[in-house]
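Chain by chain, the residues:
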Amino acid sequence: MRRSNAIPAAALVALAVIVCVAAASGQTAGSGDLPVRYEELTSPDFIKAVARSASTCIIPVGILEKHGPHLPLGTDLIDVRELALRAAKKEYTIVFPPYFVGQIFEAKHQPGTIAYSTPLMQQILQETCNELARNGVKKIILVNGHGGNTQFLQYFCQVQLACRKDYAVFLYDPSDDDTANEKLAKLRKTTLDGHAGEEETSTMLAHRPDLVHLDRAEDQSGEDQKRLSRLKHAYTGIWWYASQPNHYRGYGAAGNKEFGELALTLDSDLLAEMIRSVKADTKTLELQKMFFDGADKPLETKQSK
Ligand SMILES: [Zn+2]
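Everything numeric here is computed off the predicted structure, so don't read it as measured data.

Brief notes about the side chain of D193
Okay, step 1: By the secondary structure assignment, D193 is in the loop between helix 6 (178-187) and helix 7 (198-207).
Okay, step 2: A polar contact of 2.9 Å, which involves the side chain of D193, links it to the backbone nitrogen of E199.
Okay, step 3: Excluding its chain neighbours within four sequence positions, the residues that come into contact with D193 are R188, E198, E199, R249 and G250.

Right, here's the structure in full:
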C-alpha cells in the first residue's frame with residue numbers, strides 16, 4: 001500500500017514552523033525537570049523520558065482544514081496537542097510534535113486544506129511509529145483530534161498485525177462517561193454541533209482565545225443542509241459535503257470558555273487514565289508476540305480445545 005518514500009518539503013517546513021510557534025508560546029509542561037514535549041528534550045534526557053514514561057509516547061493527530069469562518073485551520077492540531085499536554089502533566093508520557101498528516105479529502109474545496117494522498121498518510125504514520133520504536137518507545141498512543149481521521153486510525157491499528165512488530169499502537173477511545181456528559185450537558189447551549197460549533201469554539205476559547213474570531217461565527221451557516229436525506233441505509237463519501245458544504249456544523253457563536261475548560265479537564269482525566277493503563281499493561285505485547293509466532297507457522301497452531 002505504501003508508495004512514496006519522500007515527505008513533501010512543504011510538510012516539513014510547515015511542521016518546523018508549527019513546532020517553533022508551539023515552543024514560543026512558552027508552555028513547557030513537564031514532570032519535574034523533564035519536559036513532556038518531545039522536541040524540548042535533550043538527547044541524553046530522551047533516555048530518561050523513555051524510562052519515566054514506561055516506553056510510551058502520545059502522537060496527537062490533528063489536521064489542517066477550515067473550521068468555520070471563525071476558527072483557525074489548525075484547530076484540531078492545536079486542541080489535541082493541548083489535550084495531550086494536559087494529560088501528560090497528570091501522568092507522565094512523551095508528547096510528539098504537532099502532527100497534521102491525515103484524512104481530509106472532504107474539505108478539498110475549502111481554502112487552506114492540506115489533503116495528502118492515502119499511501120503517504122499511511123506511510124508517514126507507520127514510519128513515525130517505527131522510528132519511535134527504534135528509539136525505545138514500545139507503546140505508542142494515538143490521540144485523534146479530527147473526526148475525519150476516525151476510520152483511518154482504526155484501520156491503521158488493524159494493519160499493525162500485518163507483520164511482526166516489537167511495539168504496540170493504542171488508539172485513545174474513551175468510553176462514554178455519564179457523569180462527565182451530565183456536567184457538560186448543563187453548560188451546553190446548542191444541540192447541533194460537530195465541527196467548529198459550540199464545543200470546538202469553547203475548547204479554543206479555553207486555551208487559545210486569541211485565535212477565536214467569535215464576531216465572525218455567524219458569517220456562514222453551520223446548519224445541516226440534508227441534501228441526501230432521501231437516501232436510505234446507505235453510506236457514501238460525499239455525505240459530509242451534502243450536509244455541511246461550508247465545512248461548519250453547529251453554532252460557534254455559542255462557544256464559551258467555561259464549557260471548553262470543563263471539556264478539556266474531563267477529557268484529559270480520561271486520557272491520563274488511559275496512559276496509566278497502557279504503562280501498566282504487559283498483556284498486549286505478550287499477545288502480539290504469541291500471535292506473530294503463530295502467524296509465522298499457522299499449520300502449527302493448535303486446532304484442539
Ligand atoms: Zn475540528
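Description of the coordination of the zinc ion
Okay, step 1: Looking at the zinc ion, the protein donor atoms are H67 (NE2), D76 (OD) and E200 (OE), and they sit 1.9 to 2.1 Å from it.
Okay, step 2: Sequence spacing of the donor residues for the zinc ion, all on one chain, is H-x8-D-x123-E. Pair noted here: H67 is in the loop between strand 3 (56-61) and helix 3 (75-90) and E200 is in helix 7, with a separation of 133 residues, a long-range link.

Quick look at the packing of helix 6 against helix 9 (residues 257-280)
Packed helices, taken two at a time, are described by the angle their axes make and the gap between the axes.
Okay, step 1: The geometry of helix 6 relative to helix 9 is characterised by a closest axis approach of 9 Å and an angle of 170° between their N-to-C directions. Comparing the axis directions of helix 6 and helix 9 gives the class roughly antiparallel. Contact residues: A180, K183, L184 and L187 in helix 6; E258, F259, L262, A263 and L266 in helix 9.

Thoughts on the pattern of salt bridges
Close approach of charged atoms allows side chains with opposite charge to pair.
Okay, step 1: Under the definition given, this model contains 18 salt bridges.
Okay, step 2: Two residues, R37 and E40, come together in a salt bridge whose shortest N-O distance is 3.5 Å.
Okay, step 3: Residue R188 is joined to E199 by a salt bridge in which the shortest nitrogen-to-oxygen separation is 2.9 Å. Note that R188 is positioned in the loop between helix 6 and helix 7 and E199 in helix 7, a separation of 11 residues in sequence.

Points about the packing of helix 3 against helix 9
Okay, step 1: One can describe the packing of helix 3 onto helix 9 by two numbers: an axis separation of 8 Å at closest approach and a directional angle of 55°. With respect to helix 9, the element helix 3 is oriented oblique. The element helix 3 and its partner helix 9 pack so that their crossing is right-handed. Taking contact as the criterion, the partners of E82, L83, A84, R86, A87, A88 and K90 in helix 3 are, on helix 9, E261, L264, T265, D267, S268, D269, L271, A272, I275 and R276.
Okay, step 2: When the residues that make up the contact of helix 3 with helix 9 are grouped by side-chain class, the tally is eight nonpolar, two polar and seven charged.

Thresholds applied
- Residues numbered from 1 in each chain as written.
- Predicted model: local features only at pLDDT ≥ 70, side-chain atom pairs only at ≥ 80, totals over all residues.
- Heavy atoms only, no water.
- Helix = DSSP H or I, 4+ residues; strand = E, 2+ residues; numbered from the N terminus.
- Polar contact = N/O pair within 3.5 Å; in protein donor to acceptor, adjacent residues only side chain to side chain.
- Contact = heavy atoms within 4.5 Å.
- Donors = N, O, S within 2.8 Å, 3.2 Å for Na, K, Ca; no water.
- Axes fitted to C-alpha atoms, helices over the stretch in contact; angles between N-to-C directions.
- Parallel < 35°, antiparallel > 145°, perpendicular 65-115°, else oblique.
- Salt bridge = Lys/Arg side-chain N within 4 Å of Asp/Glu carboxyl O.
- Left-handed = near helix turned anticlockwise from the far one by under 90°.
- Nonpolar A, V, L, I, M, F, W, Y, C, P; charged D, E, K, R; others polar.

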